[in-house]
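Chain by chain, the residues run as shown.
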Amino acid sequence: MNTKTYRAMSRSAHSSATAAFDVATTLWFRMPILFAAPTASSMKEWERAWSEKVEAAMNGTIAAGLATQRMGMMMAAGMVAAEALPIEMLRITEAATAPGYKAVAANARRLSRAKSRR
């Protein structure tokens, strides 16, 4: 494995691990809110949770489509060598997952701050 591929895979693994930690933090703080007796604030949190997931999925789908199209155009123009294909595939993966990672990081920050103020 060449250095560029190794760096790209390391960066991808780091972002996945960071997102996993943020997911655990979000779940830790969000579960008591969501599974408590229904209140206006808990229903608002349910709505926010679902809308963020749908928004991240749609944005990730669009970004992955654009990254795939970019890679296809570069391949058609002969600008992507065979050894660079894994890096290009990781770029597509990063484009698809970036909106979800961003949303979960924002949730972890927001929910952990709100909990610590109480």
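Residues numbered from 1 in each chain as written. Predicted model: local features only at pLDDT ≥ 70, side-chain atom pairs only at ≥ 80, totals over all residues. Heavy atoms only, no water.

## Here's the deal with the overall build of the protein chain
Here's step 1: Helix and strand counts for the protein chain stand at three helices and zero strands.
Here's step 2: Ordered by position in the sequence, the α and β elements of the protein chain form the string α-α-α.
Here's step 3: Taken over the C-alpha trace, the protein chain has a radius of gyration of 18 Å; the compact-globule value for 118 residues is 13 Å, which it surpasses by more than 25%.
Here's step 4: Across its three principal directions, the C-alpha atoms of the protein chain cover 60 × 25 × 20 Å.
Here's step 5: Expressed as a percentage of its 118 residues, the buried residues of the protein chain come to 27%. (Helix = DSSP H or I, 4+ residues; strand = E, 2+ residues; numbered from the N terminus. Rg over C-alpha atoms; globule rule 2.2 N^0.38 Å. Buried < 20%, exposed > 50% of the residue type's maximum accessible area, 1.4 Å probe, protein only.)

## Quick notes on the packing of aromatic side chains
Here's step 1: Tallied over the entire structure, the rule returns one aromatic pair.
Here's step 2: Ring plane angle 85 degrees and centroid distance 6.0 Å describe the contact between Phe35 and Trp46, whose orientation is recorded as edge-to-face. Taken as a pair, Phe35 in the loop between α1 (3-34) and α2 (40-76) and Trp46 in helix α2 lie far apart in primary sequence, 11 residues in all.
Here's step 3: Classification of Phe35 by relative accessible area gives exposed; the value is 58%.
Here's step 4: Judged by relative accessible area, which is 28%, Trp46 ranks as partly exposed. (Phe/Tyr/Trp six-rings, centres within 6.5 Å; stacked < 30°, edge-to-face > 60°.)

## Looking at α2
Here's step 1: Taking 1.5 Å as the rise per residue, α2 with 37 residues should run 54 Å; its terminal C-alpha atoms sit 54 Å apart, in good agreement.
Here's step 2: Among the residues making up α2, those that are buried are Ser42, Glu45, Ala49, Glu52, Ala56, Gly60, Ala64, Ala67, Met71 and Met74.
Here's step 3: Directly beyond the C-terminal end of α2, a positive phi value near 75 degrees is found at Gly78. (Expected span 1.5 Å × (residues − 1).)

## Notes on the pattern of salt bridges
Here's step 1: What the rule picks out here adds up to seven salt bridges.
Here's step 2: Of the charged contacts in the structure, one is a salt bridge between Arg110 and Glu45, with a shortest N-O distance of 3.0 Å. Linking Arg110 in helix α3 (residues 85-117) with Glu45 in helix α2, this pair joins segments that are 65 residues apart in sequence.
Here's step 3: Taking the relative accessible area as the measure of exposure, Arg110 reaches 19% and is therefore buried.
Here's step 4: In this structure, Glu88 and Arg91 form a salt bridge, with 2.5 Å as the shortest nitrogen-oxygen distance. (Salt bridge = Lys/Arg side-chain N within 4 Å of Asp/Glu carboxyl O.)

## Some details on the confidence of the model for the protein chain
Here's step 1: Summary statistics for the protein chain give a mean pLDDT of 90 and a share of 96% for residues scoring 70 or more.
Here's step 2: Model confidence for the protein chain, summarised as mean pLDDT per element, is weakest for α3 at 88 and strongest for α2 at 93. (pLDDT = per-residue confidence, 0-100.)

## Let's talk about a nonpolar patch on the surface
Here's step 1: On the surface, a cluster of nonpolar side chains totalling about 370 Å² of accessible area is made up of Val23, Leu27, Met31 and Phe35.
Here's step 2: Tracing the backbone through its elements, the reader meets Val23 in helix α1.
Here's step 3: The exposure class assigned to Val23 is partly exposed, which follows from its relative accessible area of 37%. (Patch = residues over 30% accessible without salt bridge, like charges linked within 9 Å, V, L, I, M, F, W, Y side chains within 5 Å. Areas by Shrake-Rupley, 256 points an atom, 1.4 Å probe, with all protein chains shown as cover.)

## Quick look at the side chain of Ser12
Here's step 1: Tracing the backbone shows Ser12 in helix α1.
Here's step 2: If we skip the residues at most four places from it in the chain, Ser12 touches Leu90 and Glu94. (Contact = heavy atoms within 4.5 Å.)

## A closer look at the side chain of Thr25
Here's step 1: Note on placement: Thr25 falls in helix α1.
Here's step 2: Classification of Thr25 as buried rests on a relative accessible area of 16%.
Here's step 3: In this structure Thr25 touches Ala108 and Ser112, once residues within four positions along its chain are discounted.

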